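Fold and contact review
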Amino acid sequence: MRRALVAANWKMNLDLPQMRAWVAAARAELTGTLAVDVVVCPPFPYLFPMAKALAECAIRLGAQDAYHETSGAFTGEVSAVMVRETGAAYVILGHSERRHTIGHLEDDRMVNLKLRAVQSVGMTPILCVGETLAQRKASQTLDVLSFQLSAGLSGVRVSSGEQLVIAYEPVWAIGTGLNATAAQAQEAHAHLRAELTRLIGREPAAQVRIIYGGSLKPENANELMGQADVDGGLVGGASLKAETFTRIVRVVSQSG
Ligand code: 13P
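Residues numbered from 1 in each chain as written. Predicted model: local features only at pLDDT ≥ 70, side-chain atom pairs only at ≥ 80, totals over all residues. Heavy atoms only, no water.

Digging into the pairing of strand β6 (residues 165–168)
What counts, and what does not: Burial classes follow relative accessibility: with a 1.4 Å probe on protein chains only, a residue under 20% of its type's maximum area counts as buried, one over 50% as exposed, and anything between as partly exposed. Secondary structure elements follow DSSP: runs of H or I of four or more residues count as helices, runs of E of two or more count as strands, with numbering from the N terminus. Strand pairing requires that DSSP identify at least two bridges connecting the strands.
Every second residue of β6 is oriented toward a common face, with Val165 and Ala167 on one face and Ile166 and Tyr168 on the other, all of them buried. Of the strand pairs in this sheet, strand β5 (residues 124–129) and β6 are connected by four bridges, and their pairing is parallel. Looking across to β6, one finds that cysteine 128 is bridged to alanine 167.

A look at the packing of aromatic side chains
Where we set the bar: Two rings belonging to Phe, Tyr or Trp (six-membered ring only in the last case) form a pair when the distance between their centres is within 6.5 Å. Interplanar angles under 30 degrees mark stacking, angles over 60 mark edge-to-face geometry, and anything in between is tilted.
One pass over the full model with this rule turns up four aromatic pairs. For the ring pair tryptophan 22 and phenylalanine 245, a centre distance of 5.4 Å and an interplane angle of 40° mean the geometry is tilted. With tryptophan 22 in helix α1 (residues 16–29) and phenylalanine 245 in helix α11 (residues 242–255), this pair connects stretches of sequence that are 223 residues apart. Accessibility expressed as a relative area gives 0% for phenylalanine 245, which makes it buried. Between the aromatic rings of tyrosine 67 and phenylalanine 74, the centroid separation amounts to 5.4 Å while the plane-to-plane angle is 50°, which identifies the pairing as tilted. Aromatic rings pair up to connect Trp10, Trp22 and Phe245 into one cluster.

Some points on helix α5 (residues 108–120)
We count it as follows: Helix span, as expected, comes to 1.5 Å for every residue beyond the first. What makes two residues a contact is simply this: any of their non-hydrogen atoms within 4.5 Å.
Taking 1.5 Å of rise per residue, the 13 residues of α5 would be expected to cover 18 Å, and the 18 Å separating its terminal C-alpha atoms lies within 8% of that figure. Here α5 has its buried residues at Asp108, Val111, Asn112, Lys114, Leu115, Ala117, Val118 and Gln119. Elements that come into contact with the buried residues of α5 comprise α3 (80–85), β4 (90–93), α4 (96–99), β5 and α7 (141–152). Looking at the residues trailing α5, positive phi occurs at glycine 122, about 85°.

Points about the site of the ligand
Stated precisely, the cut-off is as follows: Being near a molecule or strand, for a residue, comes down to having at least one heavy atom within 4 Å of it. Each polar contact in these results corresponds to two N or O atoms within 3.5 Å; when the atoms are within protein, one needs to be able to donate a hydrogen and the other to accept it, and residues that are neighboring in sequence are counted only if both atoms are side-chain atoms. Here the accessible surface of atoms and residues is derived via Shrake-Rupley with a 1.4 Å probe, and residues count as covered only by protein chains that are part of the display.
Around the ligand, the neighbouring residues are Asn9, Lys11, His95, Glu169, Ala173, Ile174, Gly175, Gly214, Ser215, Leu234, Gly236 and Gly237. Within the contact set of the ligand, an oxygen atom lies 2.8 Å away from a side-chain nitrogen or oxygen of lysine 11. A distance of 2.7 Å separates an oxygen atom of the ligand from a polar atom in the side chain of histidine 95. Alone, the ligand offers 310 Å² of accessible surface; in the complex the protein occludes 95% of this.

Encoded structure:
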């Protein structure tokens, strides 16, 4: 039985007072024992203040990226060790906004190097994979997922479900208001789990959470979370308001 995970990816949004207000509201809303792991991922400069704001709180901290080198002449980069020092436990890697945006254009090899670096310092990578609309229309979805997964995990060992989270994020669903249907999500997640089984072995593959991202909202969460291989969500736009995000957490918690 996998414990669901819901992560807020704030991307490059909110300011410090807004983030503090968000944490206060989310803490008040998510009282008692949660049936889900909840993670919030602010931009780099806010990791330390958010770690402080989240003290003695069940919500965990995550980062939106980390560089693969430990230290050195890499202007503008932030290493996995530096991220870990803030208290972050999770790192989003290979997000489509980093794979496809001019100025980043991260390839699978870079994602793989980053993933290894994050794991090597004891944090949990949230590896994002997903097809573009053109790839879906060309019936390439499952091949794209297989490739991104195996390239991202090249040379990586996973012995328990704590060491890895996969996020299925169809690129055409991100920030568009269009979400994958429950059937589309389940097909992709089941495929990813089958591929994971091949790559890391049956037992760890059965434990790894595969979460869905792409216009996830309180209104569509129930249907998506009802799928056997959908183990939570990675929430962008709907995570910016604590009230909306905690509603999603409640839906996920109740569907478990
Ligand atoms: P939206 O929820 O805004 O579609 O973003 C999803 C996402 O990219 C989460 O990482």
